[in-house]
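Understanding the architecture of this molecule
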Amino acid sequence: LAWGYAHPANQRVIDGPATLRRFTGGTPESAPEVYARASPIHHVNAATPATLLLHGAQDQLVLPENTRRLIAALQEASNESGRHQALFLPYAQHGFDYHFNGWGSQVTQAVLRRHLNNYVKAEV
């Protein structure tokens, strides 16, 4: 969140820093503990479960770099190659999966199904 505060997405679409100030009650400087607790990247370790991140490559609310940074931290902490994956959907915006039968959701469903089959044990 602190990185996102310093590197907002399209300010004409949303004022990211103002939104984060309302959400956290401050800035990264005035409330560093809140930003750390609320940021997924600060909770990454070797025991983090297999993670699939999906991001619209044209997202104007949250920069794709946020996901790139998180996936890099996940992969660095992991002992298993390929356990953490990110998929960037070209031309997709923030809510690309809103339309359940749209192309973004169709791609997401297939990738999610594969991820779950690989990392979630079925109960017998």
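For the structure, see preceding data.
A brief structural summary. All of these numbers come straight from a predicted model, not from anything done at the bench. (Residues numbered from 1 in each chain as written. Predicted model: local features only at pLDDT ≥ 70, side-chain atom pairs only at ≥ 80, totals over all residues. Heavy atoms only, no water.)

As for the pattern of salt bridges
- The full count for this structure, using the stated rule, is 2 salt bridges.
- Put simply, Glu 65 and Arg 68 hold a salt bridge, and the shortest N to O gap is 3.9 Å. With Glu 65 and Arg 68 both in helix α4 (residues 64-77) and 3 residues apart, the pair spans about one turn of that helix.
- The exposure class of Arg 68 is partly exposed, given its relative accessible area of 40%.
- Between Arg 83 and Glu 80 there is a salt bridge, with the nearest N and O atoms lying 3.9 Å from each other. (Salt bridge = Lys/Arg side-chain N within 4 Å of Asp/Glu carboxyl O. Helix = DSSP H or I, 4+ residues; strand = E, 2+ residues; numbered from the N terminus. Buried < 20%, exposed > 50% of the residue type's maximum accessible area, 1.4 Å probe, protein only.)

Remarks on the side chain of Thr 51
- Along the chain, Thr 51 turns up in strand β1 (residues 51-56).
- The contacts of Thr 51, once residues within four sequence positions are left out, are Leu 74, Arg 83, His 84, Gln 85 and His 115. (Contact = heavy atoms within 4.5 Å.)

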